[in-house]
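Chain residues, written in single-letter form:
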Amino acid sequence: MKKLLFISLMSFSIMATNAQNNNRVTTANGVVEGTIEASGVRSFKGLPFGAPPVGELRWKEPQPVQNWEGVRKADKFENGAMQPPIFGDMDFRFKGKSEDCLYLNVWAPAKGNKLPVLVYFYGGGFVAGDGSEPRYDGESMATKGIIAVTVNYRLGVFGFFAHPELSKESPHQASGNYGLLDQYAALRWVQQNIAAFGGDPKKVTIAGESAGSVSVSAQMASPLSKDLIAGAIGESGSILGTLSAVPLKDGEASGVEFAKTVNANSLADLRAMPADKLGEAAGKFGPFRFGRTIDGYFFPKDPLEIFKAGEQAQVPLLVGWNSEEGNSRGILGNETPTKENFEKAVKKLYGDNAAAVLAVYNPADDADVEQVATDLASDRFIGLSTWLWSDLQAKTGKPVYRYLFSRPRPEMTAAMGDVSPGLAGGVVKNDANTKKAPPAKGAVHSAEIEYAMGNLPLNKVFDWKPEDYKVSKTMQAYFVNFIKTLNPNGAGLPKWPAVSADKVPVMHIDVNTRVELEAHRDRYIFFSQGGK
């Protein structure tokens, strides 16, 4: 009996050691030890891919990580980027906010070799967000045979501050774009290290939503990163019109203006400011005023010109947006949705060009106004730039797969209390002065993330129905197939044709997922040819 007990204990010890060793990985900088989730997925959280950008490294491109001795625990999310509390739907699991934020997270299947890799960039307008948010969690993707990576990058004034002194000290005479350079550094880290986790550095698909989608198009445009990726997924937004890049001199001028508001006479003064004080001052200045720059380095020229010349990454693209990125109130305000009120609103927005706009956004009668106004609001916000990206990428000859996500979110759970949907999918607590917005009739901005990543159960805000899980199963399957094969098609799914020279099929993802040919191309052509 004692012998059997000894053998049993020994077997348990060997199993435990094997499990521990299976979750130890030797990276270029040292050994990391993650955890094994109940699903069997191995997770590694808080892996550094750049030196902390603090002190003299504030506003410099990310520097190499210092090697470490022994085993580094990777069982908790590390710091997120400095950021203000702007979006109500962001649920962070990070240690805290800090300039020391250059960390990424890896979810890997229990075993496998040369597996496809997904690198996901979060959204948040380049001013908020974090790779620890549950909606981006990579465990579900890893159960499908994919290595999933989420990446932190610097935000706001910390990630996109340009200034003549910064350009002068730079070996590239460039400034701004530090957040995009962080993403590039993470892609380099993946190339160097992902094989140790079982991944194939030649099968890296980058993806993101909103600012993350803009980031994907930006990485495709940059000569630094465009050769590090095999495929791309864009969910709502591109650098070709959403959060777009400005000439370096304009970014520098904004930086000089900001420096004056904080009485900083030199770059040394700005670097000496405590991070929280700098962030607070940037919030007062305007968190969205620190934009991407055409810096001559990350962007050698305007990204639009790069795409028009076909100089971007020549890779397959899966791209689309949601059916209610903006809503009719963005055009009509509180006016009743009638043809007369719509025409007045368009004339106010577009002035002398209103007639041309009304020719392509033309409701047949009052009953059509709400939908047409929603379309115009959505296109102005994000649809047009995403369409232009897909249209230009299709001209490279590589496959482009277009989608429109249409599933409205269900009601919020009773546990949420008296709240309403807010900005970009956020949550607003109601009080006596709150004017409740009518429920969305389509899929609002950011609504597709949990469906695509298989993470509905991690979002406790909404009362998900069986239909939602059906939609998620379909959408995630398309994403998984694309990451694995650069083609979303697979068994049990509606056939998804690629865009062709004479036909633009669009996969409408909803309870009844189906293909429809692109509608209203005239609207996109009108705006892309200079219509305003």
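The coordinates are above.
Residues numbered from 1 in each chain as written. Predicted model: local features only at pLDDT ≥ 70, side-chain atom pairs only at ≥ 80, totals over all residues. Heavy atoms only, no water.

Student: Honestly, the pattern of salt bridges in this entry has me stumped. Any pointers?
Tutor: A side chain with one charge may pair with a side chain of the opposite charge, provided their charged atoms come close. Taken as a whole and judged by the stated rule, the model has 26 salt bridges. Glu 37 is paired through a salt bridge with Lys 45; the nearest N and O atoms lie 3.4 Å apart. On the basis of relative accessible area, Glu 37 is assigned to the partly exposed category, the value being 22%. Here Glu 340 and Lys 344 are joined by a salt bridge, their closest N and O atoms 3.5 Å apart. In this pair, Glu 340 and Lys 344 are both assigned in helix H12 (residues 339-350), four residues apart and thus about one turn of the helix distant. Given a relative accessible area of 52%, Glu 340 falls into the exposed group. (Salt bridge = Lys/Arg side-chain N within 4 Å of Asp/Glu carboxyl O. Buried < 20%, exposed > 50% of the residue type's maximum accessible area, 1.4 Å probe, protein only. Helix = DSSP H or I, 4+ residues; strand = E, 2+ residues; numbered from the N terminus.)

Student: Looking at this structure, I do not really get the side chain of Asp 200. What am I missing?
Tutor: Positionally, Asp 200 belongs in strand E9 (residues 199-209). Buried charge without a salt bridge: Asp 200, with Lys 203 as the nearest opposite-charge side chain at an N-O distance of 4.3 Å. In this structure, Asp 200 is in contact with Lys 114, Leu 115, Val 117 and Ile 194, ignoring residues within four places of it in sequence. (Lys, Arg positive; Asp, Glu negative; His and termini not counted. Contact = heavy atoms within 4.5 Å.)

Student: Where do I start with the packing of aromatic side chains in this structure?
Tutor: Any aromatic ring pair is given by two values, namely how distant the centres are and how the planes are angled relative to each other. A full pass over the atoms with the stated rule returns 26 aromatic pairs. Plain terms: the ring middles of Tyr 122 and Tyr 153 are 4.3 Å apart, the flat faces sit at 10° to each other, and that makes the pair stacked. A residue pair is termed long-range when its members are at least 10 positions apart, and Tyr 122 in the loop between strand E7 (115-121) and helix H2 (139-142) and Tyr 153 in the loop between strand E8 (147-151) and helix H3 (156-160) qualify at 31 residues. Accessibility expressed as a relative area gives 1% for Tyr 122, which makes it buried. (Phe/Tyr/Trp six-rings, centres within 6.5 Å; stacked < 30°, edge-to-face > 60°.)

Student: Where do I start with the environment of Ser 323 in this structure?
Tutor: Within the secondary structure layout, Ser 323 lies in the loop between strand E13 (317-322) and helix H11 (329-332). Each C-alpha atom of the pair Ser 323 and Gly 383 lies 9.3 Å from the other, and the pair is 60 residues apart in sequence. Discounting residues that sit within four places of it in the chain, Ser 323 has contacts with Thr 374, Ser 378, Leu 404, Phe 405, Ser 406, Gly 442 and Ala 443. For Ser 323, the side chain forms a polar contact with the main-chain nitrogen of Ala 443, separated by 2.9 Å. (Polar contact = N/O pair within 3.5 Å; in protein donor to acceptor, adjacent residues only side chain to side chain.)

Student: What is the right way to read the sheet that holds strand E4 (residues 42-48) from this model?
Tutor: By definition, the strands of a sheet pair up through backbone hydrogen bonds, in either a parallel or an antiparallel sense. Taken together, eleven strands build an open sheet; the order of strands is E3-E4-E6-E8-E7-E9-E10-E13-E14-E17-E18 and the sheet is mixed. Either end of the sheet is taken by a strand with one partner, and the two such strands are strand E3 (35-36) and strand E18 (514-517). In this structure, strand E6 (residues 103-108) lies alongside E8, joined through four bridges in antiparallel fashion. Within E8, the position partnered with Leu 104 by the bridge is Val 151. Lying on the sheet, helix H6 (residues 211-221) is in contact with E7, E9 and strand E10 (231-235); it crosses E9 at an angle near 135°. Helix H14 (residues 366-394) rests against E10, E13 and strand E14 (400-405) of the sheet, and its axis sits at about 160° to E13. (Pairing = 2+ DSSP bridges. Axes fitted to C-alpha atoms, helices over the stretch in contact; angles between N-to-C directions.)

Student: What is the right way to look at unusual backbone geometry in this model?
Tutor: Excluding glycine, residues mostly carry a negative phi; peptide bonds, for their part, are mostly trans. Backbone geometry places Trp 59, a non-glycine residue, at a positive phi of 65°. Note on placement: Trp 59 falls in the loop between E4 and strand E5 (71-73). According to the relative accessible area criterion, Trp 59 is buried, its value standing at 2%. Phi at Gln 173 is positive, roughly 55°, even though this residue is not glycine. Here Gln 173 lies in the loop between helix H4 (164-169) and helix H5 (178-193).

Student: Can you help me understand helix H17 (residues 521-528) in this one?
Tutor: Since the α-helix advances by 3.6 residues per turn, residues separated by three or four positions end up pointing in the same direction. Among all positions in H17, only Arg 523, Tyr 524, Phe 526 and Phe 527 are buried. Mapping the buried residues of H17 onto a view down its axis gives an arc of 160°, with all of them on the same face. Where H17 is buried, its residues meet E13, H12, helix H13 (354-360) and H14. Immediately beyond the C-terminal end of H17, within one or two residues, lies Gly 530, with a positive phi of roughly 105°. (Arc of directions from axis to C-beta.)

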